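# Examination of the molecular architecture
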Amino acid sequence: MAFDLDMIKKVYDRYSTRVDAARKATGKHLTLTEKILYAHLSEGDADKAFGRGVDYVDFAPDRVAMQDATAQMALLQFMQAGRPQVAVPSTVHCDHLIQAKIGADVDLQTAKDVNLEVYDFLASVSDKYGIGFWKPGAGIIHQVVLENYAFPGGMMIGTDSHTPNAGGLGMIAIGVGGADACDVMAGLPWELKFPKLIGVNLTGKLSGWASAKDVILKVAGILTVKGGTGAIVEYFGEGARSLSATGKGTICNMGAEIGATTSIFGYDEKAATYLKGTKRGEIADLADAIAEHLTGDEEVYANPAQYFDEVIEINLDELEPHVNGPFTPDLAWPISKFAAAVKENGWPTKLEVGLIGSCTNSSYEDITRSASIAKQATDKHLKTKAEFTITPGSELVRYTVERDGYLGTFEEMGGVVLANACGPCIGQWARHTDDPTRKNSIITSFNRNFAKRQDGNPNTHAFVASPEIVTAFAIAGDLTFNPLTDTLTNDKGEQVKFDEPEGIEMPLKGYAVQDAGYQAPAEDGSAVSVIVDPKSARLQLLEPFKAWEGTDLTGLKLLIKAKGKCTTDHISMAGPWLKFRGHLDNISNNMLIGAINYFNLTADSVKNELTGEYGPVPATQRDYKANGIGTIVVGDENYGEGSSREHAAMEPRHLGVRAILVKSFARIHETNLKKQGMLGITFADTADYDKIQEDDTFDITGLTTFAPGKQLTVVLHHKDGSTESFPVNHTYNAQQIEWFKAGGALNIIRKQMAS
Ligand code: SF4
C-alpha cells in the first residue's frame, strides 16, 4: 500500500510530548503551525529555544515528493550518498513532461516515447532505492499526494512550488530545491528559517457560485504576490471547518502565489471524511486520538491578533466569485466588477479557451460543480463558444468522474479531456492558433498566469477563476459575461440564465480506479540496475567531486567579476536548458551566461587569460579546466538570490571553479555551494571588490587552519607585478568545513555509509 502507517504512528507518538514541551518552553498557547513545526524539529535542534526569536532551525520531514523534472538531479545526487534506501518515504511523479496537444491517450503515448530515457531512469532509480514511482498518466504530484500521502500534522518537502497543496489535509508541506530533497532522502536534517505566522479567520459558509478557489483569489488580492513571503498561512474558524478537504487543498496550493512558505488547515471532520473516502480510515482513527494537537489552541483562535503576526478576516457568506489577472494572480476582481475592468483596460473580450483541472482544481467536487454548468449548456441549448479542456489531477479522479458520467457531460459540450498531467499549466501545450501575434484571452482554473506561462505567447491574457466560473465563461465565450446575473441567447433565440452550480463533495459510490499507475519499489533493490544510457544528452550519472587537496588555493584566474544582480537564473538559466537538468555536463554550458561582466558590461563575454581573447563564460572555464587552472568567480551583493537551484552550485564545481567571492550571498545559494564542497567567501570590506582587476591572479590562504569564524585571506597578484591582500569572511560551521574538505556533503555520507 502506498501510505506508510508505521511512519505516521511514530510521528503521532512523539507529537503530544513535543507539543507539551513547546507550551512549557514558550509559556503560551500554540498555533497549529507551531505545533507541527515543533513536533518535527530534528533531534539535534529539539533543545533549541522554541519560538519566533529563533532564526534558522533544523527539521526532520516525514516525506519527500518529487516531480519528474526536478527529481532527475535530486536522484542523481542521492545516488552519490551510497545509501541502499531513502531515509524517509519518498515518491516520484511523472507529470511535468507530458505535452497537451490532441487528447489524453495520444499525448500520453507521445510523452512516453519522447521521454523514454527519463522515465526509465526515474522508474529504475526509484525501484532500487525504495521510492514509490507514479508512472506518466498516474496524475499530478500534488493531487496524488493529497489522495495518498498527506496526513494531518505531518511534514513534507517536495521539489515543486505547489507542494503546499497537502496543507488541505493539515500537513506542513513545503516546496524546495532538489538539493534539499536529496539531503532529506540521504538522512540529513533540513533547515528552514522559522516562519512568520499569518492567520486567516474564515467566518460564514460558501454558497451559490462562490467556491474555495475564491477564498484564495481574494487572499491573493489582499496580500499580493509578495505578502506571504517568509510566512506560513494558517486558516481557521467555522468557515474553514465548512470547506471540503479538497477545497482546502486548492487554497493551500495557491498560497504559493502569495509567496507563502506554505499554508495549512487544521484537522476536522471534513479531513476525516476525505481520509476515509480515499481508503485511509486508519489514519483518521489515529488522528482522532490526538485531534486536539492537530489544530491550533482554542485561545489562539479566540484572540488571533495575540498569536499571529498578521490576521485577515474573510466572511464566506459575503464572498463573491473572483477572476484574477491578467499576467499576475494577485490582480483580484470580484465578478461584479470584472466586466467593467475588462472594458476599461482594453483586455480582449472574446474568450478563446477555457481550461479546467490541474493540481489546483480537479477534485471530484470541482468536476461535479463544473459539470453541473456544462450540463445546463446542453439542456438549455447553448453552444459553447470557446475551446474547453479538462485536465484531471489524477487517474483516481479521472476514472471516478468518467464512471459517474461527468466526462461525458463535458464532451457533450465540446470539451477535450487531456492527460492526467500538468500540460497547459506549465506551458506543455501545443495550442492551435491562427495568429499568435493577436492579443487574446484565456481563462483557467490553474494557479499561475504570468505572461507566457500557459502557451509561451506574450499576447495571451490569462485569467484565473474557479472551474465552474471557467466553464460558464467558456460557454459564453465572452469575458464581459457575468454568469451570476447575465443571460445568454440559445439556439432557439431564447434568453437563458445559468442556475447556480451544484457539486458533490465525495463520490456517492466511492472513488474507483482500475490502474492508478503506481509502481511499488523492490523490497531489496540491491540487484536493481539504474538505467542511464551513457550516450544520453539528457541524463548523466554523477562522479563524486574531488576532495580538497589540503593546501591553500594558489594561482587562480578570474573567470568573471559579475556586476549587479546575479540570481540563480543568471548563474544557471532555465528555459531551453531545462531539458538538460539531468545532465550536469551539458547543462553546465549555461553557467553564468546571464551574469554581466564588470569589465565590458556584457553578458557571456569574459577574457581568457590563456589566449587574451574574449569568449563565452562556459567555454572559457572549460579551457582553464583543460589546462589544470583553477578559477574564481567574483560577485556583487546577494549573489545567488532567486529560486533554490542546485545546478547553480553544481555547475561551477563541475567545471573547476574553486571559489566564489562576493559582497554578500543569498543564504540558500550559499548553503548549496557549501554542500557541493565549494568555497564561498565574502569581502570583509565590500570596497575590496573594487580592487579586483581583470588580469589578476589569486591566492586564497588560511585554508590549512580553516575554522569557524576565522577569516581567510585573498592575495591579488596584479599584472603589473604588484600584490595586495585583504581578509575575507565565511560562515562555515565545523560540519560545513568537513564538507569542504571532503569535496561535498554527499562524500561524507557515502563514507559513513561505507564504514
Ligand atoms: S499542474 Fe501546474 S501548478 Fe500543478 S504541479 Fe503541474 S505545473 Fe505545477
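The structure this text deals with has already been given above.
This write-up is about the structure you can find in this document. The residue numbers shown here count from 1 along each chain, following its written sequence. Given that the model is predicted, a residue must reach a pLDDT of at least 70 before its local features are reported, and side-chain atom pairs must reach 80 or more before they are shown or counted; all residues, however, enter totals for whole chains, interfaces and linings. Excluding hydrogens and water, the side-chain figures rest on all heavy atoms present in the structure.

### Notes on the sheet that holds strand β5 (residues 155-158)
Strand order in the open sheet formed by 6 strands is β6-β5-β2-β3-β4-β21, with mixed pairing between adjacent strands. Each edge of the open sheet is held by one strand with a lone partner, namely β6 (172-175) and β21 (518-519). Sheet strands touched by helix α3 (residues 68-78): β2 (63-67) and β3 (90-93). Its angle to β2, the strand with the most contacts, is close to 120°. Between two residues, a contact is recorded if the distance between any of their heavy atoms is within 4.5 Å. Axes, fitted as lines to C-alpha atoms, cover a helix only where it is in contact. Angles between the N-to-C directions of the axes lie from 0 to 180 degrees. Here a helix means four or more residues in a row that DSSP labels H or I, a strand means two or more in a row labelled E, and each is numbered from the N terminus. Against the sheet, helix α7 (residues 178-186) engages β2, β3 and β5, with an angle of about 140° to β2. For two strands to pair, DSSP has to find at least two bridges joining them.

### Things to note about the side chain of Arg538
Within the secondary structure layout, Arg538 lies in the loop between β21 and β22 (553-561). Whether a residue is buried, partly exposed or exposed follows from its accessible area with a 1.4 Å probe, protein chains only, as a fraction of its type maximum: under 20%, in between, or over 50%, in that order. As used throughout, the charge tally considers Lys and Arg to be positive and Asp and Glu to be negative, leaving His and the chain termini uncounted. Should a side-chain nitrogen of Lys or Arg be within 4 Å of a carboxyl oxygen of Asp or Glu, the pair is scored as a salt bridge. Of the buried charged residues, Arg538 lacks a salt bridge, with Glu117 as the closest side chain of opposite charge at 4.6 Å. Each polar contact in these results corresponds to two N or O atoms within 3.5 Å; when the atoms are within protein, one needs to be able to donate a hydrogen and the other to accept it, and residues that are neighboring in sequence are counted only if both atoms are side-chain atoms. In terms of polar contacts, Arg538 uses its side chain to reach the backbone carbonyl oxygen of Val114, at 3.3 Å. Polar contacts involving the side chain of Arg538 include one to the side chain of Asn115, which spans 3.1 Å.

### Looking at helix α10 (residues 245-253)
The buried count for α10 comes to 9 of 9 residues, which makes it a mostly enclosed element. When α10 is considered as a whole, its buried residues turn out to be Ala245, Thr246, Gly247, Lys248, Gly249, Thr250, Ile251, Cys252 and Asn253.

### Here we look at the pairing of strand β17 (residues 440-444)
Side-chain direction in a regular strand flips from residue to residue, so the side chains alternate between the two faces of the sheet. Along β17, 5 of the 5 residues are buried, which leaves the element largely enclosed by surrounding structure. Every second residue of β17 is oriented toward a common face, with Asn440, Ile442 and Thr444 on one face and Ser441 and Ile443 on the other, all of them buried. One ladder, built from 4 bridges, connects strand β14 (residues 351-357) with β17; its direction is parallel. Residue pairing in the sheet places Gly354 in a bridge with Ile443 of β17. Here β17 runs beside strand β18 (residues 460-464); their pairing, made up of 5 bridges, is parallel. When the bridges of β18 are listed, Ile442 appears paired with Ala462.

### Comments concerning helix α6 (residues 141-148)
The buried fraction of α6 is high, at 8 of 8 residues. Looking only at α6, the buried set comprises Ile141, His142, Gln143, Val144, Val145, Leu146, Glu147 and Asn148.

### With respect to the sheet that holds strand β11 (residues 310-315)
The strand order across the open sheet built from 4 strands is β10-β9-β8-β11, with neighbouring strands paired in parallel fashion. Single-partner strands in this sheet number two, and they are β10 (262-265) and β11. The mean inter-strand angle of the sheet, taken between neighbouring strand axes irrespective of direction, is 20°. Two strands pair when backbone bridges link them, and strand β8 (residues 196-203) and β11 are joined in this way by 6 bridges, in the parallel orientation. In the sheet register, Val200 faces β11, and the bridge partner there is Ile312. Here helix α8 (residues 212-223) sits on the sheet in contact with β8, β9 (231-236) and β11, set at roughly 140° to β11. Of the strands in this sheet, β9 and β10 are in contact with α10, which crosses β10 at around 155°.

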